[in-house]
Structure formats: C-alpha cells, structure tokens
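These are the residues of each chain, in order.
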Amino acid sequence: MDATIVTLDTSTMATPEMSSAGPTIPASEHVHHMTVSDISVLVLYFIFVLLVGLWSMWRTKRDTVEGYFLAGKDMVWWPVGASLFASNVGSGHFMGLAGSGAASGIAVGAYELNGMFIVLLLAWVFLPIYIASRVTTMPEYLHARFGGCRLRLYIATMYLFIYIFTKISVDMYAGAVFIQQALRWSLYPSVCVLLAVTVVYTVGGGLAAVIYTDALQTVIMFCGALVLMTISFVEVGGYKGLLEKYPNSTPTIRDTNTSCGLPRSDAFHIFRDARTADFPWPGVLIGMTIPSVWYWCSDQVIVQRSLSARNLLHAKGGSLFASVMKVLPLFMMVMTGMISRVLYPDEVACADSAECERICGNPVGCTDIAYPKLVMELLPSGLRGLMLAVMLAALMSSLTSVFNSASTLFTMDMWSAWRPHATQWELMIVGRTFVIFLVAVSVLWMPIVQEAQGGQLFVYIQAVSSYLQPPIASVFILACFWSRTNESGAFWGLMVGLVAGVARMIIDLVFPEPNCGMPDFAPPGLRLHYLYFSIVAGMLAAVTTILVSLATTSPSKEELGGLLWSTRYKPLTRKLNHHDQPPDGLGDVDNKNGVKMLELTVDDNSHTSGHGIAQCWKTSFLWFCGLNSSTQSSTQAQSEPVQLPVGLREYEGNPLYHKYLNIAALLWMCVGIFLWGFFA
Ligand SMILES: O[C@H]1[C@H](O)[C@@H](O)[C@H](O)[C@@H](O)[C@@H]1O
Ligand code: NA
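Criteria and thresholds
Residues numbered from 1 in each chain as written. Chains lettered and ligands numbered in written order. Predicted model: local features only at pLDDT ≥ 70, side-chain atom pairs only at ≥ 80, totals over all residues. UniProt positions renumbered as here; feature names shortened; annotations may be inferred. Helix = DSSP H or I, 4+ residues; strand = E, 2+ residues; numbered from the N terminus. Buried ≥ 20, exposed ≤ 12 C-beta atoms within 10 Å, placed from the backbone. Contact = placed C-beta atoms within 7 Å. Axes fitted to C-alpha atoms, helices over the stretch in contact; angles between N-to-C directions. Parallel < 35°, antiparallel > 145°, perpendicular 65-115°, else oblique. Nonpolar A, V, L, I, M, F, W, Y, C, P; charged D, E, K, R; others polar. Near = placed C-beta within 6 Å. pLDDT = per-residue confidence, 0-100. Left-handed = near helix turned anticlockwise from the far one by under 90°.

If you check an unreviewed UniProt entry, the protein appears there as Sodium/myo-inositol cotransporter 2 from Eptatretus burgeri. Annotation of the protein in UniProt includes, under Subcellular location (unreviewed entry), the sentence "Apical cell membrane". What UniProt records for the protein under Sequence similarities (unreviewed entry) is the sentence "Belongs to the sodium:solute symporter (SSF) (TC 2.A.21) family."

*Asks:* I would appreciate a short explanation of the overall build of the protein in the present structure.
*Replies:* Across its full length, the protein holds 30 helices and two strands. The 680 residues of the protein split such that 52% are buried. Excluding contacts between residues fewer than 6 apart, the proportion of contacts in the protein whose partners are at least 24 apart in sequence is 81%.

*Asks:* When you look at the packing of helix H6 (residues 91–104) against helix H23 (residues 457–468) in this model, what are you seeing that I'm missing?
*Replies:* Between two packed helices, what matters for the description is the angle formed by their axes and the separation of those axes. Here H6 crosses H23 at 110°, and the two axes come no closer than 7 Å. Between H6 and H23, the angle falls in the class roughly perpendicular. Of the residues in H23, those touching H6 at Gly92, Met95, Gly96, Leu97, Gly99 and Ser100 are Leu457, Phe458, Val459 and Ile461. Among the residues making up the contact of H6 with H23, the classes are represented as six nonpolar, four polar and no charged.

*Asks:* Would you mind going over the site of ligand 1 with me for this structure?
*Replies:* Taken together, the neighbourhood of ligand 1 is formed by Asn88, Tyr111, Glu112, Asn114, Gly115, Ile118, Pro291, Ser292, Tyr295, Trp296 and Ser465. Breaking the shell around ligand 1 down by element, the ones donating at least two residues are helix H7 (110–132) and helix H14 (289–298). Top contributing element to the shell around ligand 1 by residue count: H7, with five residues. Its residues placed into classes, the shell around ligand 1 shows five nonpolar, five polar and one charged.

*Asks:* Could you clarify how one ought to interpret unusual backbone geometry in this entry?
*Replies:* One non-glycine residue, Arg134, lies in the positive phi region at around 55°. If you trace the backbone, Arg134 turns up in the loop between H7 and helix H8 (138–146). Arg134 gets classed as buried once you count the C-beta atoms within 10 Å, which come to 21.

*Asks:* I keep staring at the confidence of the model for the protein and nothing clicks. Help me out?
*Replies:* For residues with low pLDDT, the predicted coordinates do not support detailed interpretation. Counting all residues, the mean pLDDT for the protein is 83, and 82% of those residues have values of 70 or more. Confidence drops under a pLDDT of 50 for residues 577–610, and excluding neighbours within four residues, the segment shows 70 contacts in the predicted structure.

*Asks:* Just to check I follow, could you spell out the environment of Leu70 for this structure?
*Replies:* Mapping Leu70 onto the fold places it in helix H4 (residues 65–70). Between the C-alpha atoms of Leu70 and Gln450, which are 380 residues apart in sequence, the distance is 35 Å.

*Asks:* Explain the packing of helix H9 (residues 150–183) against helix H25 (residues 487–510) here, please?
*Replies:* The N-to-C vectors of H9 and H25 enclose an angle of 30°; their axes lie 10 Å apart at closest approach. Taken as axis vectors, H9 and H25 run roughly parallel relative to one another. Judged by the sense of rotation from one axis to the other, the crossing of H9 with H25 is left-handed. Of the residues in H25, those in contact with Arg150, Leu151 and Tyr154 of H9 are Glu487, Ala490, Phe491 and Leu494.

Structure (structure tokens):
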C-alpha cells in the first residue's frame, strides 16, 4: 500500500519542483528499449497467430463462395461472438477511447454501452431477414429487395469509402502512433511493418481463418488489457482514487485565463448538457444509435460474421457473447485512459500548443497518447511486449475483417456486375489486388486523419461515421420493416443523405475545429454537433424515402416473400432475371426447387497440370489462396455442392433454446440499463 502512495506522490505533486530543479527529461522522452523478454513475447504471439491461421485454413474448404466468404456457414457461437468483438474493437478503440477518456471522461464509453444493445438487434431482428433472403452481402440484399443495379453499386462503393475513412486508415494510424510512442519509430516505417504483417493472412485466409484468429486475438486483447487495467487501478487507488484525483489532473503549464487543460466537471457523467457539452445527451441517446444500427446491423463486416453461424441459435449466442464483451472497453480503455491523465497530467493533458508539439508532435493536444504512455511507464519488460502484441491483435483483427469484407463486396457486387462472365480466377486475382489498392488509398488518407482528428481520434471516427452512415441505416430499416418502400424511395433517400453528409464533411475540412481557447471561424449554426447531425441526416433520408416511395408505385406483394421481417417465413419469390445470375464460375442458380446453389469451381481446362517443382509451387500457392489443385477441386465441388439453408424455419433451431437465449438476453439488457443508470 505504502509503495503505491509514494509513487503517486512523485508523479502528481513533485513535477513542478522537479522541473525547476534542473533539466529533467520529460517522461515521454525516456527511451524504453524493448528487452529480450518483450521480443520473445512478441515472437511467441506471432507463432501462435500463424499456427491458428494455418490450422483453420487447413480445416475449412475455401474453394466455394460459402466456404471462402461465409466460413462454410458452420461457425458456433463463441468464434462468432469473439469475431464480432475483435472486428469491432481495433487499435483505434484502444488509443481513441483511452484518449477521449483522458480528454473528457467517461461519456465516450456510451458508444460501447450503446453497441451492447444494438449488437443484440443484429441476431434477434435483422439476421433472420438476411437469412430468409439468402444473401451473402448487404448490397445484394438491397438488390434482392428492390431490384435494379444502382442501389447495389452505390452501397458497395459507399461501404468501401466508409471503410477507408473510418476503419482502415484510422486503425493503421492508431497502431502506428502506438508503435511510435512505444518504440520511438517514426510513423510511416511503423505503418509499413503493420502492413507487411497483415498482408500475410489477408491474401490467404478466407473468413474461417479470419474468424478463428479473431478468437485468439480476442483472448490476447482481453488478457493484456486486463493486466494493464488492473495495474493502473492499483496505481491510482481504485475507482475511488480515480474519482478523487481525476478532477485535479491539470497540467502545470497552461493559460490560467482559459479553461484549457482543466478536466471537465461532468467527467463522470454520460448524460451531459444538451446545448454546450461535448456529448450532448439527446445526441448520445438517439444520435449515437442511428449509426450504431448501421454499424451492427447492416455493415458487411459485422453481418458477414453473423451469417457464418451454423444456425440462428449460434448467431444469437454470438451476439450475446459480443454484447457481454462490450462492457469491457469502458473500464479497460476509457477509464484506463483517465487514469493515465491522473498519473501524467503534464504530458497527457498538455494544454499549451508548443508544449504539446514537443511532447507528442501534435499542437492540438496529446490525450491520445494516454494508452501507450501507461504501457511504457507502468509495465515491466515482458508485459510491454505483451501490450504491443495486444495492439497488433486489435489492429490485425479489425483490418483482416475489413479487408475480407471489402474484397467480398468488390468482387461479388461490383466487379461481377461489370464483368458478368469473369472467371473465378479473375475474381480471385481481382479481389486480392483490390485489397492492395484499398491499403494504398488508406495510407494516403492517413495524413488527413492526422490533421482532422483535432487531437481526439475517436471523435474523428465517430464524426465521420455520423456524416455517412445514418441515411444508410434509415434505408435498411425501412427496407426491412415497411413493405411499401420501393427502389426509387430508397435511392433518393440515400442520395439526399449523401449530399447532406458530404456537405458536412466539407465544412469540417474547410473550417477545422479551433484549438482550445481560439475563436471558431465557421459561420454560426453551420457546425451542428455531429451527434445532432446524425439525427438530422437519418431523418432526412427516412422522410425522403417515405415520400418518394409513396409518390411512386408500390412493390407488388408477390415479390416481397422472404425479404422483410413480416414476410420472412414466406418463400423467396423474387425471380432472378437474367442479369442477376452470378457470373460464370460463381456457380449456377437452380430455381426449380427454390434452392440457390453457389459454387466456385476451378476451371480445369485453363490450368492443366505442370510437373515437378513448378507443380509443387502451384499447388502450394493454390492452397494458400484457398483453392485446391484443379481437377480435385472441381470434382469435389460438383459432387457435393454447398446448399444454402432451404428456409428460415430449419435454420432457427430448437425453440426451447431460443426461449433460454431470450431470457439471458433480457437479463443482460437489465445489466446494461443498470450501467447506463449508474454512470448517468
Ligand atoms: O465500438 C463502437 C460501437 O459500439 C458503436 O455502436 C459504433 O457505432 C461505433 O462506430 C463503434 O466504434
Ligand atoms: Na480488432
């Protein structure tokens, strides 16, 4: 006990005397070399991940669309849940949630407590509809629901943009900043290392490898984050210590005429003033929920994981598991970040731009270094290596999922629409090349992330999300629940929403948020809070969709079987017309029994066998890419085509277990509501 108090004293109170006593090196400039034990932990981690990756590649058939993109639709609840969580929580969360926690307190944790509820909606409400409509991708759903091509292409394109702006670039940036802080490497070399590591799986894996490695990454993230959280709470004197000390976590150098650098007085509340706060409460309740519905219920990255479940029971179990995990970030990331501010107020909460520039290279503020700062200062060697592994786990588990889904969207919804007769070899090459292109664009976007985040990375992610996602959420909700919604309505709703969102993004780029204490040059009223903007954009799109749908012809009832919540048990009646057929090599559609069969076979004519070493290379390469060597695979695929489930009923599984799961989910939601109340 004594030891803890002594350390606390030196770090919080002795700082002014120390700096006047002589030239002290700011703590952030201490170079903590990675020790042998750190490196061993890291190497061990990589070996583990590789083994799990290889094992799952070997275990699953990846030469069918289902096998490759949906992991054979045979996943049980725990990998599904772990993968939902791991794909969601990336390095952007570790760095960003801790950073915003340090900057403003617990309110940012509302994003996580919100996700807790919405991830349940996925399996309980949306998934049955997607299953009944037998789709693999979300653009495909809109295509099945509304017909036509433009929605499908638009949504696929939009998703790719959202991935670049809010997922790939942000996570890479956060990972690189962590490495930069921890190892003192500069940003871009760090990015290169991160990329090299991720490319290995992305090219090979397929969804199964991604999901199983996600499960492993979840365990690593959980253990590492738990260790750091425990040590930090001990250091600060428990939750009580945090409550007492956070209000005094003020940097020594600051302009005393302003409130810059002072911790917020509402730091321990989620619900804050509706007009002046950084997280206004109506925005937190509604404005957060709309993009969250997009994120959990209509984004390809998340839905694809849920679709891979063996049946609805496992999908629900997976959602519930992910929901339980979602309480962790509030404690493991947000509060840990707050502790970092308490322990190192001069660096983490720096409020003078020259000072901040010196500490972390960003004149706006250094709160985003909260997490790496703790790692480097508090942890003994060995554990620092573990935390680096945690950060890599967080990063890679998100990137691989996004890459996998992005290439799914690109090949299935865009390329094959453009070239309906593309062979699957072409698709395979295109899908993978496309990932490289995505990565390149994301790296190019990183400087903008660096500029535009205004000192809080998480706020950047969520602001951009609020500009682009709400209209899509509105359209999905209307598509799934209101049979009157038609193609024109959906299209114009999306367009109006897009214009509004892009306009708002441009305003942010033209009038960057002023630094603390500086005047705002944006015309008053233009800078509607992003959480409020989210409500406006969602409403605008919904109203447009409703009005345009009402003004144009109603979709005929017979076409809607299996495509809405209300028709989910009806047989799928929409006839695929000629252009709707999947491209050659992507299989054929057998409508006689209402069973859609998709298979991906290797075209043997074009790849007759070579011999010797060349053959060996070819076989290994094919295996790595998820394709068996030609002859074998085509016979296999023909003899046992994978069939999508015949109907939703069969997919649902034992009703008794549904009852148990419903009760469990209800109980868990009570815990969630309690947390909201407790931190209100
Ligand atoms: O982790 C959060 C998630 O809980 C939210 O539901 C989502 O909207 C955010 O974008 C994501 O970062
Ligand atoms: Na992740």
